[in-house]
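Tertiary structure, described
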Amino acid sequence: MQTVELTCAPALDTAVREAWERLSEAGVPSLARNTHPGHRPHLTLASCGTAPPGALAAVGELVAGVLPLPVRLTGLLSFSARSRRRVLSWSVVPTVDLLGLHRRVWELLDGADEPNPLYLPGRWAPHLGLTRRLEPAELALAHDVLGRMPDLTGVFDAARSYDGTTGATVPLPG
């Protein structure tokens, strides 16, 4: 698996990590428990098996031309995971600029092996992950802990690609 991700500027990164910690301290399995050395708050724009040759370099050039990109987070989103479990995320407002970037990234990834359909234009719900695979009681507790998440503005200031085979994150442009 390869991804294209936008990473958060320091203030936004801190706000997401604080939400992770609040959940973790309450006993909710949050992303604060992810021990991968490259793990940090991010917005996934694309996920596929393998990007076409040269595509990630082209994506890096594209993204470099639009960063920093303002963003607004608003409310919580819950996605189905395996069985009855749910994933909890902080919703990212899909602005015209963000949706345009997303579409252009996928145009550059045209021909990628195994594109994840949940990240394709028209199906993508932009979000910053807070948890993974919660049981219904854990999801209810997470909502109690976080309450009504306030709208928050911030900035995406960098991009990267994650390689699921090697576990490496590579800055874009690289």
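As the structure is a prediction and not an experimental result, all values here were calculated from the model. (Residues numbered from 1 in each chain as written. Predicted model: local features only at pLDDT ≥ 70, side-chain atom pairs only at ≥ 80, totals over all residues. Heavy atoms only, no water.)

Turning to the pattern of salt bridges, a few remarks are in order. Opposite charge on two side chains permits pairing when their charged atoms draw close. On inspection of all chains with the given rule, the structure shows eight salt bridges. Of the charged contacts, one joins D151 and R72 as a salt bridge, the two residues approaching to 2.8 Å between their closest N and O atoms. Taken together, the positions of D151 in the loop between α4 (136-146) and β6 (152-163) and R72 in strand β3 (residues 69-80) put the pair 79 residues apart, joining distant regions of the chain. The exposure class of D151 is partly exposed, given its relative accessible area of 40%. A cluster of three or more residues bridged by salt bridges with shared partners is formed by D13, R17 and R40. (Salt bridge = Lys/Arg side-chain N within 4 Å of Asp/Glu carboxyl O. Helix = DSSP H or I, 4+ residues; strand = E, 2+ residues; numbered from the N terminus. Buried < 20%, exposed > 50% of the residue type's maximum accessible area, 1.4 Å probe, protein only.)

All right, on to the nonpolar core then. One finds V4, L6, L43, L45, V105, L109 and F156 to be the most contacted residues of the largest nonpolar core, which totals 45 residues. With sequence-adjacent residues up to four places away left out, L43 is seen in contact with V4, E5, L6, V92, L98, W124, P126, H127, L128 and F156. (Core = buried A, V, L, I, M, F, W, Y, C linked by side-chain atoms within 4.5 Å. Contact = heavy atoms within 4.5 Å.)

To continue, consider the layout of surface pockets. There is about 1100 Å³ of room inside the largest pocket. Taken together, 36 residues line the largest pocket, and the ones lying closest to its centre are T44, V87, Y119, H127 and R132. Among the elements of the structure, β1 (2-8), α1 (10-25), β2 (42-48), β3, β4 (86-92), β5 (127-129) and β6 are those that each provide at least two residues to the lining of the largest pocket. Split by residue class, the lining of the largest pocket holds 14 nonpolar, 15 polar and seven charged. (1 Å grid on protein atoms, 1.4 Å probe; cavity = no way out; pocket = protein on both sides within 12 Å on 5 of 7 lines; lining within 4 Å. Points joined across faces, edges and corners; volume = space filled by probe spheres on them. Nonpolar A, V, L, I, M, F, W, Y, C, P; charged D, E, K, R; others polar.)

Moving on to helix α3 (residues 96-108). Here α3 is 13 residues long and its end C-alpha atoms lie 18 Å apart, about the 18 Å a rise of 1.5 Å per residue gives. Of the positions making up α3, those classed as buried are L98, G100, L101, H102, V105 and W106. For α3, the secondary structure elements touched by its buried residues are β1, β2, α2 (55-64), β3 and β4. (Expected span 1.5 Å × (residues − 1).)

Once that is clear, we can look at the side chain of Q2. With respect to the helices and strands, Q2 occurs in strand β1. Since its relative accessible area comes to 16%, Q2 is described here as buried. Among the polar contacts listed, one links the side chain of Q2 to the backbone nitrogen of A51, at a separation of 2.6 Å. In contact with Q2, other than residues within four places in its own chain, are A46, S47, C48, G49, T50, A51, L56, S161, Y162 and D163. (Polar contact = N/O pair within 3.5 Å; in protein donor to acceptor, adjacent residues only side chain to side chain.)

Omega for the peptide link from L67 to P68 comes to 0°, which places this bond in the cis form. Put simply, L172 and P173 share a cis peptide bond, and its omega is -5°. Assignment of secondary structure puts P173 in the segment after β7 (168-172). The phi torsion at E114 lies on the positive side, around 50°, for a residue other than glycine. Relative to the elements of secondary structure, E114 occurs in the loop between α3 and β5.

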